[in-house]
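# Structural overview for review
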Amino acid sequence: MSLVDAPSFRASSTPIRSTKLPADAYILSIASLPSYYAASASSPSNAIHLFDKARLQNVQTLAGHESSITTLRTVPNVANAATHALLSAGKDGAVKVWDERSGSAALRMTASSAGTASGLLSCDVSADGLTIAAGTELQGEDASILYWDPRSPAAPLRVHSSTHSDDITALHFFRPATSSASTAGNLLLSASSDGLICTSNADEADEDEAGLHVGNWGCSIAQAGWLHDHAGRPAAWASSDMETFSVWTTELDRIQDADIRQPSVHRQDFTWVTDYLIGCHNASSPIGEADNDLCLFAGSNEGDVALITKPTFSNPDTPWVLQRTWTGGHVGIVRAALWDERNNVLLTGGEDSKLNVWAAQQPEPVTSPGKAKRVNDVDPMDVDEDSDIAARKKRRA
């Protein structure tokens, strides 16, 4: 495996703006709202801070959760009532849709078993806004995917408890990347510490009938998500607690399996070594000659960040490409990265409590017939240590 500089490679060493969370809290996740950026804080605060986009000033603090926040993301639609809504989930068993105007949760759903809250590790909302799914940590012998209709949030519509047998660390509904792409039903991608990555029909009440495809990686999965080719056809990616990275077909056949720490650059004038994966982002247009929209944000133990892509995952020998680096902005582990393509900035947050905004102009894509531009740019994917890798990658602050 090799890593090469992109022809348009750029390095940045000074953030445009920077701020810090109070009480030295870690920044766990970052999300983008129309007027604000949202950042979730680690325990004991477990709060959500809203920052003005223009000045990066903390303009509001939401109460967050009673215990660790495990998911923070923006979703385009909830029950056809809330648009560009801020969604969070936590180990207190709550899923919340926030109204930043009132500073309170406009919608709350609770996961519990026998009267005890079930800690939630993952959450998402379907493209039509009518289904909310959340994944629990292992409780006894069960780890469950719960489905709610947000129009009737008092109790889950159904609970699927046999899809996974351990902590459910990632849930992502499929959203078509282009106007020409489509899918039948609400397709849900799930991943777990049990080593399985699965797709399910979220509209199917019978769990035996809901399961569509299963891939067994054989290692604990910390993160997962979708990627798309030029025609908008989906594939999946996953990363493990041990910093390995894989790519899977729609049918969940594994086509790529690599140690994310191996691709590196060692030159007299420049060195980059990846220590961990921060998260991934789906670019609005594939970068350069890439046949896919996947962008990896990698971090170093020194607090530096790199944007890495791969032109194709169909050939394991194709070199990875180092597109950008952002250095000197953090001390220690960077836990979150958000690429706001509309405003040409990258936001990073770390264990040093710092929230940085960097210049992040996307390299010009190479366009040709058949290379479709993504039209669904709703939410730049929030992406979502050394001796505590497993805990860090599951965001168990």
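Here is a short report on the structure shown in this document.

Scoring rules and cut-offs
Residues numbered from 1 in each chain as written. Predicted model: local features only at pLDDT ≥ 70, side-chain atom pairs only at ≥ 80, totals over all residues. Heavy atoms only, no water. Helix = DSSP H or I, 4+ residues; strand = E, 2+ residues; numbered from the N terminus. Buried < 20%, exposed > 50% of the residue type's maximum accessible area, 1.4 Å probe, protein only. Pairing = 2+ DSSP bridges. Axes fitted to C-alpha atoms, helices over the stretch in contact; angles between N-to-C directions. Salt bridge = Lys/Arg side-chain N within 4 Å of Asp/Glu carboxyl O. Phe/Tyr/Trp six-rings, centres within 6.5 Å; stacked < 30°, edge-to-face > 60°. Contact = heavy atoms within 4.5 Å. Polar contact = N/O pair within 3.5 Å; in protein donor to acceptor, adjacent residues only side chain to side chain. Core = buried A, V, L, I, M, F, W, Y, C linked by side-chain atoms within 4.5 Å.

## A word on the overall build of the protein chain
Across its full length, the protein chain carries 2 helices and 33 strands. The buried share of the protein chain, taken over its 397 residues, is 58%.

## Observations regarding the sheet that holds strand β1 (residues 3–12)
Strand order in the open sheet made by the 5 strands is β1-β30-β29-β28-β27, with mixed pairing throughout. Of all strands in the sheet, those bounded by a partner on one side alone are β1 and β27 (276–282). Here the average twist between neighbouring strands, direction ignored, is 25 degrees. Alignment of β1 against strand β30 (residues 320–326), held across 6 bridges, turns out to be parallel. Its bridge partner being in β30, Leu3 is matched across the sheet by Trp320.

## Quick word on the pattern of salt bridges
Overall, the coordinates contain 12 salt bridges when judged by the stated rule. A salt bridge links Arg55 to Asp52; its shortest N-O distance comes to 3.5 Å. By relative accessible area, Asp52 is classed as buried at 15%. The shortest N-O distance in the salt bridge between Asp259 and Arg261 comes to 3.0 Å. Overlapping salt bridges bring together Asp5, Arg267 and Asp269 as one network.

## With respect to the packing of aromatic side chains
The way to describe two aromatic rings as a pair is by their centre distance and the angle between their planes. Going through the model one piece at a time under the given rule, you end up with 8 aromatic pairs. Ring geometry for Phe297 against Trp326: centres 6.2 Å apart, planes inclined by 45 degrees, an arrangement best described as tilted. Residue Phe297 is located in strand β28 (residues 294–299), and its partner Trp326 is located in strand β30; the two are separated by 29 residues in the primary sequence. Across the pair, exposure class does not vary: Phe297 and Trp326 are buried alike. Here the aromatic rings of Phe297 and Trp339 are separated by 6.3 Å at their centres, their planes lie at 90 degrees, and the arrangement is edge-to-face. You can see Phe297 sitting in strand β28 and its partner Trp339 sitting in strand β31 (residues 334–340), a full 42 residues away along the chain. Counting every residue linked through ring pairs, the aromatic cluster contains Trp237, Phe245, Phe313 and Trp320.

## Observations regarding the environment of Ser2
If you trace the backbone, Ser2 turns up in the segment before β1. Linking Ser2 and Val321, residues 319 residues apart in sequence, is a C-alpha distance of 8.5 Å. Excluding anything up to four places from it in sequence, Ser2 contacts Pro263, Pro319 and Trp320.

## Details of the side chain of His228
Considering the arrangement of structural elements, one finds His228 in strand β21 (residues 221–228). Exposure remark for His228: the relative accessible area of 5% places this residue in the buried category. Side chain to side chain, His228 and Asp293 meet in a polar contact 2.7 Å long.

## Digging into the nonpolar core
Core analysis: the largest hydrophobic core is formed by 20 residues, its most contacted members being Phe245, Trp272, Leu294, Leu296, Ile308 and Leu322. Counting residues per element, the ones that place at least two in this core are β22 (234–240), β23 (244–248), β27, β28, β29 (305–309) and β30. It is β28 that contributes the most residues to this core, 3 residues altogether. Apart from the residues within four sequence positions on either side, Leu322 is in contact with Leu3, Val4, Asp5, Ala6, Phe9, Val265, Phe270, Trp272, Ala306, Leu307 and Ile308. By size, the runner-up hydrophobic cluster in this structure holds 18 residues, among which are Val95, Val97, Leu120 and Ala134.

## Comments concerning the sheet that holds strand β19 (residues 196–201)
An order of β17-β18-β19-β20 is seen for the 4 strands of this open sheet, with the pairing classed as antiparallel. Each edge of the open sheet is held by one strand with a lone partner, namely β17 (168–173) and β20 (211–216). Recorded for the sheet is a direction-independent mean angle of 15 degrees between the axes of neighbouring strands. Bridging between β17 and strand β18 (residues 187–192) involves 5 bridges; their strand directions are antiparallel. By the bridge assignment for β18, His172 is matched with Leu189.

## Quick look at the side chain of Asp167
Along the chain, Asp167 falls in the loop between β16 (158–164) and β17. When its relative accessible area of 8% is taken as the criterion, Asp167 is described as buried. One polar contact links the side chain of Asp167 to the main-chain amide nitrogen of Leu138, over a distance of 2.6 Å.

## Let's talk about the pairing of β22
On a regular strand, one side chain projects to one face of the sheet and the next to the other, so that they alternate. Counting buried positions over the 7 residues of β22 gives 7, a clear majority of the element. Residues Pro234, Ala236, Ala238 and Ser240 point to one face of β22 and Ala235, Trp237 and Ser239 to the other, with burial holding for every one of them. Here β21 pairs with β22 via 7 bridges, running antiparallel. Along β22, the bridge assignment pairs Leu227 with Ala235. Counting the residues between successive antiparallel strands, the hairpin from β21 to β22 contains 5 residues, one of them, Gly232, with a positive phi of roughly 85 degrees. Counting the residues in the hairpin turn of β22 and β23 gives 3 residues, including Glu243, whose phi is positive at 65 degrees.

## As for the environment of Ile132
By secondary structure assignment, the location of Ile132 is in strand β14 (residues 132–136). For Ile132, a relative accessible area of 0% translates into the label buried. With 54 residues separating them along the chain, Ile132 and Val78 place their C-alpha atoms 8.5 Å apart. Not counting chain neighbours up to four residues away, the residues in contact with Ile132 comprise Val95, Leu107, Met109, Cys123, Asp124, Val125, Leu146, Tyr147, Trp148 and Pro150.

On their own, these measurements won't tell you what the molecule is for.
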